[in-house]
Structure formats: structure tokens, C-alpha cells
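Observations on the three-dimensional arrangement
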Amino acid sequence: MQHQSDTHMSVTYHIRIKKDYAASLIEDLQKMDAVELIKESDDEIVPAWQKEEVNQRIKKYRDQPDLLIDEDPVFKMLDAE
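Conventions used here
Residues numbered from 1 in each chain as written. Predicted model: local features only at pLDDT ≥ 70, side-chain atom pairs only at ≥ 80, totals over all residues. Heavy atoms only, no water. Helix = DSSP H or I, 4+ residues; strand = E, 2+ residues; numbered from the N terminus. Buried < 20%, exposed > 50% of the residue type's maximum accessible area, 1.4 Å probe, protein only. Areas by Shrake-Rupley, 256 points an atom, 1.4 Å probe, with all protein chains shown as cover. Salt bridge = Lys/Arg side-chain N within 4 Å of Asp/Glu carboxyl O. Patch = residues over 30% accessible without salt bridge, like charges linked within 9 Å, V, L, I, M, F, W, Y side chains within 5 Å. pLDDT = per-residue confidence, 0-100. Expected span 1.5 Å × (residues − 1).

**Some remarks on the overall build of the chain**
Along its length, the chain carries 4 helices and 0 strands. What you see in the chain, going N to C, is helices and strands ordered as α-α-α-α. When each of the 81 residues of the chain is scored for burial, the buried share is 1%. Split by element, the accessible area of the chain, about 8,600 Å² in all, is 52% carbon and sulfur.

Here it is in C-alpha cells:
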């Protein structure tokens, strides 16, 4: 039989800290070795392939603005569904 304290649980959460006291609580948990803080760079959040795709689309629509459509008809179609 394994006790709760002997089990290893690894769960990753993404947390947006909204209050200063919450940041202090998280730092205290880190000092007690209860949590590990993992910082992510923008490159980890938005992959390079996705950035490249967006850049290609921006260039495409700058070069050919006639391909763009007005958003109002699109929203009307979506609302109708």
C-alpha cells in the first residue's frame, strides 16, 4: 500500500497571477519544494511554424488586398448557423 505522500504527481498548470499575495504564496510553495516554477518563452507558447504561417498570410493579403472580405457578412453567416 502506498501512502499519499509517497506518490509522485506531476501536473502542469498555466497560472496568471492577479494579486501580489498570490505570487508570494506560490514563491513559498516553491521554497518548500512543493511546486516547480517553469517559465515559458513566447517561442514555447507560439510555435515558430505558427508565426511563419501568420507572416506568410500577412504578406499575401498585403500583396493582394482584393482577397480580403468584409467581416460583417462573415459574422452574419456565423450568427445564422
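Next comes the rest of the account.
**What about the pattern of salt bridges?**
Counted by the stated rule, this structure contains 2 salt bridges. For Glu53, the salt bridge is made with Arg57, and the minimal N-O distance between the two is 2.9 Å. Taken together, the residues span about one helical turn, with Glu53 and Arg57 both in helix H3 (residues 48–63) at a distance of 4 residues. Relative accessible area serves as the criterion here: at 32%, Glu53 is assigned to the partly exposed category. Across the pair Asp63 and Lys59 runs a salt bridge, and its minimum N-O distance is 2.7 Å. Here Asp63 pairs with Lys59, and both are found in helix H3, just 4 residues apart, close to one helical turn. Here Asp63 and Lys59 have matching classes, each one exposed.

**What to know about a nonpolar patch on the surface**
Among the surface-exposed residues, Val11, Tyr13, Ile15 and Ile17 lie close enough to one another that they form a single nonpolar patch of about 450 Å² accessible area. Among the secondary structure elements, Tyr13 is positioned in the segment before helix H1 (20–31).

**Let's talk about unusual backbone geometry**
For Asp33, which is not a glycine, the phi torsion comes out positive at approximately 60°. Note that Asp33 resides in the loop between H1 and helix H2 (42–45). A residue is classified by how much of its surface remains accessible, and Asp33, at 68% relative accessible area, is exposed.

**With respect to the confidence of the model for the chain**
Confidence in the prediction for the chain averages 82 pLDDT; 81% of positions are at 70 or higher. Within the chain, the element-level pLDDT minimum falls on H2, averaging 65, and the maximum on H3, averaging 94.

**Observations regarding H1**
For H1, built from 12 residues, the straight-helix expectation of 16 Å at 1.5 Å per residue is met to within 8% by its first-to-last C-alpha distance of 17 Å. In the stretch just after H1, Asp33 is the one whose phi turns positive, near 60°.

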